[in-house]
Amino acid sequence: MNFLPSFDRRKSELQQELDAHIQMAIADRIAGGEDPQEARAAALREMGNALLIADVTRSQWGWTAFERLIQDLRYAVRQLIKTPGYTVTAILTLTLAIGANTAIFNMLYGIMLRSLPVEHPEQIVQLKLEMKGPSGSAGDPSDYVSGKTYDVLQQHQTVLSGMCGWSNWPLNIHEASGTHPIPTAALTGDCFRTLGLHAALGRLFDERDDKHGGGSEGYAVVLGYNYWRTQLGADPAILGRILDFQDKKGIIVGVLQPGFESVTVGDRPSLYVPSEIAPPEDRHASGAVNRIVLGRLKPHVTPAQVQAQFDPIFQAWQKTEEHKTQFIVFDENGKRTNFSEVHLIAAPGRTGTSYLREQFSRPLYIIEALVALCLLVACAYLATLAGTRALVRRREIAVRMALGASRMRIISQLTCENLLVSIAGAALGLVFAWAGGRLLAYMITLSPWANGAALNAALGGPVLLFSIAITGLTVLLSGIGPAWRASHLDPICEIKEGDLLSGSRRHRRLSAWLVPLQIGISLIVVFVAALMGSTVYRLLSVNPGFRTSGVTFVRADFSQREHASHSQVSLSRSLLERIGHAPGVQNVSIAQAHQFSGAMYMRSATATLPSGEVRKGDMVLNLTVAPAYFDIMGIPLLAGRDFTPGDKEGAPDVCILSRSAAQFFFPGQNAVGQFIDMGMGRKKQSHIQVIGTVGDTLYIGLRGNAPQLIYQPYFAAPWNPMPEFVVRSSDTAAAIAAVRSAVRDLAPDVSLDEPVTISQGIQASMASERLVALLSGFFAVLTLTLTAIGMYGLLNYSAVRRRKEIGVRMALGASRRGVVHLILREGLWMVVPGLVIGAAGSWGAARYVDSLLYEVKPLEPSVCVLSLVVLCAAALLACMAPARRAASVQPMEALRLE
Amino acid sequence: MTKADIYRNRIELLQGTLDMLILQSLRWGTMHGYGIAQDIRSRSGEVLQVETGSLYPALHRLEHQKWVKSEWKLTESNQRAKFYQITALGKQQLVADHDRWQTMVRAITSVMAPIPTPKEGA
């Protein structure tokens, strides 16, 4: 093997130099009259040991350590090639362990820790709203503030060198191929300067561009670099092109620098437009809480100082507002909290925001902890393997030491093998992490909150550092320890005895803590997997109250036709007609929103009972649906009738209540035929007749109870420009094709969102539980396998080692059953302490995963028993083969061997 | 390894002086290792025998420190050999070594000088 060509060249040059020396010495002697043969002998004698001279000379180059390392590596490679079974097992183990750790850390880093790719991210602060109610503050502060708040703060502040208001403002772009939505971010004019971003092409827009109506040719539009590259072929002549946003125009002025995409992790806007493109009632309203506000600190200003200035401004402004904004928060169980006190706080904004953070921080930390445990088990397993290997090579090591090898040299040689295995494992692990990371990103972006988010699964610098660090840790844990112990032997005693028996006591001591540790960790991982598995199982068996497959939702955007609502009714009806008759479609309806999508419409409602009692629901979920909705969704009609085409504008107001709403408003009575009032102020609707009741459905998520729901007829309600077609069909493709072709033919200016199937919605609503359950299951199998193989290896080795002893026992009358028990007992001594460690760890782990569990207590007895049974079964499996092997010893043969 | 240690010790004993002797013999032109050994030997009146085992490590050390540089050339008898040449840096070093050596000799001489010759048979 030629590790370094120049090194070998210098070596041969040195040899030539010494040869030349000899030749000249011989020539001199011959010239002096000596016999050629004598001259040669004398010259060689005078020179001494040429090889040693070459060695010493080479040491002057300062490369000795390097030379030795190469020797050690060569030796290690030879040893590894000699035992392919060990090598492949070890590399595979490490590939999985290091790969999994890297993949998870990469995701964790990407979502939680990575700085925004802006100038001096540490100077960025984010302004958030902290809500305080009667029962203290409510969880995390809100990332969003209103456009009006931004205006007020921006006018009065003196502590920030710039402010940036950022909101997602989906635009529909009208092109020759049709109208389609395009992900867009609306930015206040100072945004790019505040963040310190630059243009890759053309210019970015600034405060002069951010005015209502835009410039003479339309609003200035900046393209996202990725969009420009992938969708527009990086066309440099794109500048100046006019974009048609239906009622508004945009002109492309530049392309944003590569790397930066959004202040929200995972968002990838294709276009950046000035904030004034939104109508004033959104941009400058105090009710539209849809803006992320960042600022850059002036030198020597701290976030605390910003807060000290901003909160009083905010409070003073709140007092002057006519219509106080109400802050209401729903948690994932549908519980509602009303907040009276709201504060503006300034938090470090280095990492930007992420809606994934709240949902996935705990799952990701749990998984990270699990993979770290998995890596520990892998290390323990490899340490056991390396220890056994070193033990087998005791004789060889003893001989080397007797020949003068230093202890350090032996350790470095043994560690070299581990180093090579670890490096190979880490390299393959990175490939694994790359592939696994994509899968992970895909699973995370399935969540409903990650609508359209594209997580960057590329492995960055800090992540590579992380994987190098854990590789180093692996070498340290699995290599140097066993090597140190292996080199700790007395050569003379070892060579004299030359018997495997002499190492038995020390070997037992090593395994005495490694295998129980593995068993303990396995129990923790298996336990968490079992908890999460039963959580997912219970979530899957939750009956949401509606059909869980065969329905597709497609949202259409009619907002361009907002002002001609009469014609819309007929358009919608003809669209429904057309879609309903398409092949494969069984039925179609329209609804305002679908379950688990995060969209909620709330109104207050009151019912006056015949007894005079007034039942008032403050914020009741409200959904407008077209006829046939309940049939399509599989929601049972309990009493009364469904909506009909006759329930339209001008007809008497009607509604349908969910069972729990009916029970709340009309306790113990028949709700059908009674009346309720809805809304307040100008939008008040009174005397709405209840024409039917339907079954309860879950709406916000799978957890919690079904909320009260009031359904109203879609065609009677005020025009809703963004309804969803609800299509029941034999297959999804048919439904999508039907909606697309109908819209293309009848209303080409209406753009359609990506379709969502009802089963996707349900799966997405349990994305984080599913993620943790799947991954913990995978790691449970992995750790369990490693533990079982490790235990099997040790017991098997012990059975071989104790062959003589077993032979003697059997010769003295021990039964085969007794021998089996002997080995099982040895196994039991590893399992029992392991279970104790594992039980303690599981108890702690259960508390941490508690918040992800559903209808499973953290220490659910059935789950505890199941995990213990699985673990004991694996341990028993690992014991069986060695026990059989021990029991099959023929006493005579075993004794004759000696 | 232990044998190597012995060699290294011997080099260290000679180190400063041997380096100076080598640089001194290279002052009059390029020369190969064998030639340097012969030169030192003949100039010292056959007293100083430079061992090969000390000479080459010393030459490589000097080269590593950039006090000499080397190139492969043919000798008069058509033998390919590595010729060493002193560098400007080497010349500076030689001057410094020379000074230090002279100081040392003077010092040792002044310590050793007044030894009375022991009388025969005393």
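Residues numbered from 1 in each chain as written. Chains lettered and ligands numbered in written order. Predicted model: local features only at pLDDT ≥ 70, side-chain atom pairs only at ≥ 80, totals over all residues. Heavy atoms only, no water.

A word on the overall build of chain B
Each helix and strand counted, chain B has four helices and three strands in total. Written out in order from the N terminus, the α and β elements of chain B read α-β-α-α-β-β-α. Burial analysis of chain B (122 residues in total) assigns 35% to the buried set. The long-range share in chain B, meaning contacts at least 24 apart out of those at least 6 apart in sequence, stands at 47%. Carbon and sulfur atoms provide 56% of the accessible area of chain B, an area that totals close to 7,900 Å². (Helix = DSSP H or I, 4+ residues; strand = E, 2+ residues; numbered from the N terminus. Buried < 20%, exposed > 50% of the residue type's maximum accessible area, 1.4 Å probe, protein only. Contact = heavy atoms within 4.5 Å. Areas by Shrake-Rupley, 256 points an atom, 1.4 Å probe, with all protein chains shown as cover.)

Topic: empty space enclosed by the protein
All names here are of chain A. Per the stated rule, a full pass over the model turns up nine cavities of 30 Å³ or more. Volume-wise, the second largest cavity comes out at about 100 Å³. What lines the second largest cavity is a set of 13 residues, and nearest its centre among them are Ala 386, Ala 390, Leu 414, Glu 417 and Asn 418. Those elements that place two or more of their residues in the lining of the second largest cavity are helix H11 (355-392), helix H13 (407-444) and helix H14 (461-486). For the lining of the second largest cavity, the class distribution of residues is seven nonpolar, three polar and three charged. (1 Å grid on protein atoms, 1.4 Å probe; cavity = no way out; pocket = protein on both sides within 12 Å on 5 of 7 lines; lining within 4 Å. Points joined across faces, edges and corners; volume = space filled by probe spheres on them. Nonpolar A, V, L, I, M, F, W, Y, C, P; charged D, E, K, R; others polar.)

Some points on unusual backbone geometry
Residue and element names in this part refer to chain A. In this model, His 120 sits at a positive phi of 40°, which is unusual for a non-glycine residue. Here His 120 is to be found in the loop between helix H5 (84-113) and strand S1 (124-133). Even without glycine at this site, Ala 628 takes up a positive phi of about 75°. For Ala 628, the position within the fold is in the loop between strand S20 (614-625) and helix H18 (629-633). Overall, the relative accessible area of 19% leaves Ala 628 in the buried class.

With respect to the state of the cysteines
All names here are of chain A. This model, assessed by the stated rule, comprises one disulfide over all chains. Shown here is the disulfide that connects Cys 164 with Cys 191, its sulfur atoms set 1.8 Å apart. Of note, the bridge from Cys 164 to Cys 191 carries an S-S torsion of about 45° and is right-handed in sense. Taken together, the residues span a long stretch of sequence, with Cys 164 in strand S4 (residues 160-168) and Cys 191 in helix H7 (residues 191-195) at a distance of 27 residues. Accessibility expressed as a relative area gives 1% for Cys 191, which makes it buried. Considering cysteine sulfurs only, Cys 379 is the nearest to Cys 416, which forms no disulfide, with 18 Å between them. A relative accessible area of 4% means that Cys 416 is categorised as buried. (Disulfide = S-S within 2.5 Å.)

Points about the pairing of strand S11 (residues 248-256) of chain A
Residues and elements named next belong to chain A. Extensive coverage of S11 is indicated by the burial of seven of its nine residues. Here four bridges tie strand S10 (residues 242-245) to S11, and the two strands are oriented antiparallel to one another. Residue pairing for S11: Leu 243 is matched across the bridge by Gly 250. Counted between consecutive antiparallel strands, the loop separating S10 from S11 contains two residues, among which Gln 246 sits at a positive phi close to 70°. (Pairing = 2+ DSSP bridges.)

Brief notes about the packing of H5(A) against helix H22 (residues 767-801) of chain A
Residue and element names in this part refer to chain A. One can describe the packing of H5 onto H22 by two numbers: an axis separation of 12 Å at closest approach and a directional angle of 155°. Comparing the axis directions of H5 and H22 gives the class roughly antiparallel. The element H5 and its partner H22 pack so that their crossing is left-handed. Between H5 and H22, the contacting residues are Thr 93, Leu 96, Ala 100 and Ile 104 on the first element and Leu 775, Phe 778, Phe 779, Leu 782 and Leu 786 on the second. (Axes fitted to C-alpha atoms, helices over the stretch in contact; angles between N-to-C directions. Parallel < 35°, antiparallel > 145°, perpendicular 65-115°, else oblique. Left-handed = near helix turned anticlockwise from the far one by under 90°.)

Comments concerning the packing of helix H4 (residues 64-82) of chain A against H13(A)
All names here are of chain A. Put simply, H4 and H13 touch, their axes get as near as 9 Å, and they point 60° apart. Relative to H13, the element H4 lies oblique. The interaxial crossing formed by H4 with H13 has right-handed handedness. Each of Arg 68, Leu 69, Gln 71, Asp 72, Leu 73, Tyr 75, Ala 76, Val 77, Gln 79 and Leu 80 in H4 lies in contact with H13, whose residues at this interface are Arg 409, Ser 412, Gln 413, Cys 416, Glu 417, Leu 420 and Val 421. Classifying every residue of the contact of H4 with H13 gives nine nonpolar, four polar and four charged.

Concerning the packing of aromatic side chains
Throughout the structure, instances matching the rule amount to 16 aromatic pairs over all chains. Here A:Phe192 and A:Tyr272 contribute two aromatic rings whose centre-to-centre distance is 6.2 Å and whose plane-to-plane angle is 70°, an arrangement assigned as edge-to-face. Linking A:Phe192 in helix H7 with A:Tyr272 in strand S12 (residues 271-274), this pair joins segments that are 80 residues apart in sequence. Judged on exposure class, the residue A:Phe192 and its partner A:Tyr272 are both buried. What links up through ring pairs into an aromatic cluster is the set A:Trp166, A:Phe192, A:Phe205, A:Phe260 and A:Tyr272. Lying across the ring of B:Trp28, B:Arg27 places its NZ or CZ 4.7 Å from the centre. One Lys or Arg, B:Lys73, reaches over the ring of B:Phe83 and ends 5.3 Å from the middle of that ring. (Phe/Tyr/Trp six-rings, centres within 6.5 Å; stacked < 30°, edge-to-face > 60°. Lys NZ or Arg CZ within 6 Å of the ring centre and 35° of its normal.)

Quick look at the pairing of strand S24 (residues 685-694) of chain A
Residue and element names in this part refer to chain A. Of all the 10 residues making up S24, seven are buried; the element is thus mostly covered by neighbouring parts of the structure. Note that strand S21 (residues 637-640) and S24 share three bridges and pair antiparallel. Pairing of Gly 640 across the sheet is with Gly 692, part of S24. Pairing of strand S22 (residues 654-658) with S24 involves five bridges; the strand directions are parallel. Its bridge partner lying in S24, Ile 656 is registered against Gly 692.

So, helix H25 (residues 861-887) of chain A
Under the 1.5 Å per step criterion, the end-to-end length of H25(A) is 37 Å for 27 residues, consistent within 8% with the ideal 39 Å. Considering bend angle alone, the principal kink of H25(A) is centred on A:Met880 and spans about 25°; proline A:Pro882 follows within four residues of it. (Expected span 1.5 Å × (residues − 1). Bend = angle between axes of the 7 residues up to and from the residue.)

Description of the sheet that holds strand S1 (residues 31-32) of chain B
Residue and element names in this part refer to chain B. In spatial order, the strands read S1-S3-S2; together these three strands make up an open sheet with antiparallel pairing. Each edge of the sheet is formed by a strand with only one pairing partner; in this case those strands are S1 and strand S2 (68-74). In the sheet, S2 pairs with strand S3 (residues 80-86) via seven bridges, with the strands oriented antiparallel. Pairing of Lys 73 across the sheet is with Ala 81, part of S3. Against the sheet, helix H3 (residues 52-64) contacts S2 and S3, and its axis sits at roughly 50° relative to S3.

Overview of the interface of chain B and chain A
Counting residues at the interface gives 25 residues for chain B, matched by 20 residues for chain A. Interface of chain B and chain A: buried area, both sides summed, is about 2,200 Å²; carbon and sulfur atoms make up 61% of it. It is B:Tyr34, B:Tyr56 and B:His60 that lose the most area in chain B upon contact with chain A, and together they represent 29% of the buried surface on that side. For the salt bridge of B:Lys82 with A:Glu17, the shortest nitrogen-to-oxygen distance reads 3.8 Å. Put simply, the parts of the chain that give the side of chain B that touches chain A at least two residues each are helix H1 (2-25), helix H2 (33-43), H3 and S3 of chain B. It is H3(B) that contributes the most residues to the side of chain B that touches chain A, eight residues altogether. For the side of chain B that touches chain A, the class distribution of residues is 11 nonpolar, nine polar and five charged. (Buried area = accessible area lost by both parts, 1.4 Å probe. Salt bridge = Lys/Arg side-chain N within 4 Å of Asp/Glu carboxyl O.)

Remember that the coordinates give geometry; whether it matters functionally is a separate question.
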